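Survey of secondary and tertiary structure
As a plain string of letters, each chain reads:
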Amino acid sequence: MTVYHHFAQVYARGYYPEFSQALAGLLPGIFEQYEIPRTGNLLDLACGEGSFALEMAKMGWSVAGIDQSEEMLRLARHRATTAGLEIEFKQQDMRSFETDRQYDLITCWFDSLNYLLRIEDVQSAFERAYKALKPGGWFIFDMNTIYGLAIEWQKQKCYVQQETEDLLELHQTSYDFEKRMATMRITWFIRNDEIWQKYEEIHFERAYSVEKIKNALTTTGFSFESVYGSLRNLTPVKQDSSRVWIFAQKKSQ
Ligand SMILES: C[S@@+](CC[C@H](N)C(=O)[O-])C[C@H]1O[C@@H](n2cnc3c(N)ncnc32)[C@H](O)[C@@H]1O
């Protein structure tokens, strides 16, 4: 069973969707600085349960989303239908997705690219994104840094992520310095009447240096435009930045 199957329901009811909803609020101001159009065709890679896609569709973007998890996509489709928004959500792997449209903007948020455990897989995702963009189109994404996974994530090795009357969600983290891989064991208990049922998923994430990411982007053909340590303040990356925000463009020929 892949990750984000049973966990999709827990993800959708926690704080997680707020991350990309907040991004949707920040982006219009940033688009102005980069002369990115205020609307157009948008593809959200690893769109999850659709929060970002929905926010952007409300702003007038024509949106599509892909994700590997059918359960996340089921929630996304339900949310779009309930909101009366037409968004195409398809189950595809971002390393190999096909699309018959070309996009003005492609996004990929909230650790999703860290789930690709080899730089070759990241490169494949970049190549697919490049192919799916119109000339002049933008690819914007975030990734956890090595510092983020190896240091920040490990500051609390075990903690309660969500606790309500019928849900208890626990996270346990570890980092393997030899394999340069972070593990998050997510255990949760859901109450059904008086019975608590236990579930578990183990998530692996890997981070790459900005140099490696830049190299994979430029090898693909992208122009590497900017990297920030904070999207809210557009500040540079520091040694202790736990996340990077990257802007790449497919230049017009
Ligand atoms: C932390 S969630 C982020 C979801 C969404 N982008 C958000 O901001 O809420 C990571 C997502 O990446 C998806 N994912 C992981 N590997 C993937 C792959 N190879 N192709 C497509 N989706 C993938 C998972 O199914 C999950 O929905």
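Residues numbered from 1 in each chain as written. Predicted model: local features only at pLDDT ≥ 70, side-chain atom pairs only at ≥ 80, totals over all residues. Heavy atoms only, no water.

Attention now goes to the domain arrangement of the protein. For the protein, the assigned domains are domain 1 (7-145 + 208-249) and domain 2 (148-205). Using C-alpha coordinates to define each centre, domain 1 is positioned 24 Å away from domain 2. Tallying the contact residues gives 14 residues for domain 1 and 19 residues for domain 2. In this assembly, domain 1 packs against domain 2 so that about 1,400 Å² is buried in total across both faces, 53% of it on carbon and sulfur atoms. Inspection of the region where domain 1 meets domain 2 yields 1 salt bridge. (Domains from an automatic or database assignment. Contact = heavy atoms within 4.5 Å. Buried area = accessible area lost by both parts, 1.4 Å probe. Salt bridge = Lys/Arg side-chain N within 4 Å of Asp/Glu carboxyl O.)

Bringing the site of the ligand into the picture now. Around the ligand, 18 residues are found, and the nearest of them are Tyr4, Tyr11, Ala46, Asp67 and Met94. One nitrogen or oxygen atom from the side chain of Ser112 is found 3.5 Å from an oxygen atom belonging to the ligand. Compared with its free state, where it exposes 600 Å², the ligand has 97% of that area covered by protein. Split into classes, the residues belonging to the shell around the ligand amount to 10 nonpolar, 6 polar and 2 charged. (Near = heavy atom within 4 Å. Polar contact = N/O pair within 3.5 Å; in protein donor to acceptor, adjacent residues only side chain to side chain. Areas by Shrake-Rupley, 256 points an atom, 1.4 Å probe, with all protein chains shown as cover. Nonpolar A, V, L, I, M, F, W, Y, C, P; charged D, E, K, R; others polar.)

So, about the sheet that holds strand β8 (residues 181-192). Here 4 strands make up an open sheet; going across it, the order is β6-β7-β8-β9 and the pairing antiparallel. The strands lining the two open edges of the sheet, one partner per strand, are β6 (158-164) and β9 (195-205). Taken pair by pair, the neighbouring strands of this sheet meet at an average axis angle of 15°, ignoring direction. (Pairing = 2+ DSSP bridges. Helix = DSSP H or I, 4+ residues; strand = E, 2+ residues; numbered from the N terminus. Axes fitted to C-alpha atoms, helices over the stretch in contact; angles between N-to-C directions.)

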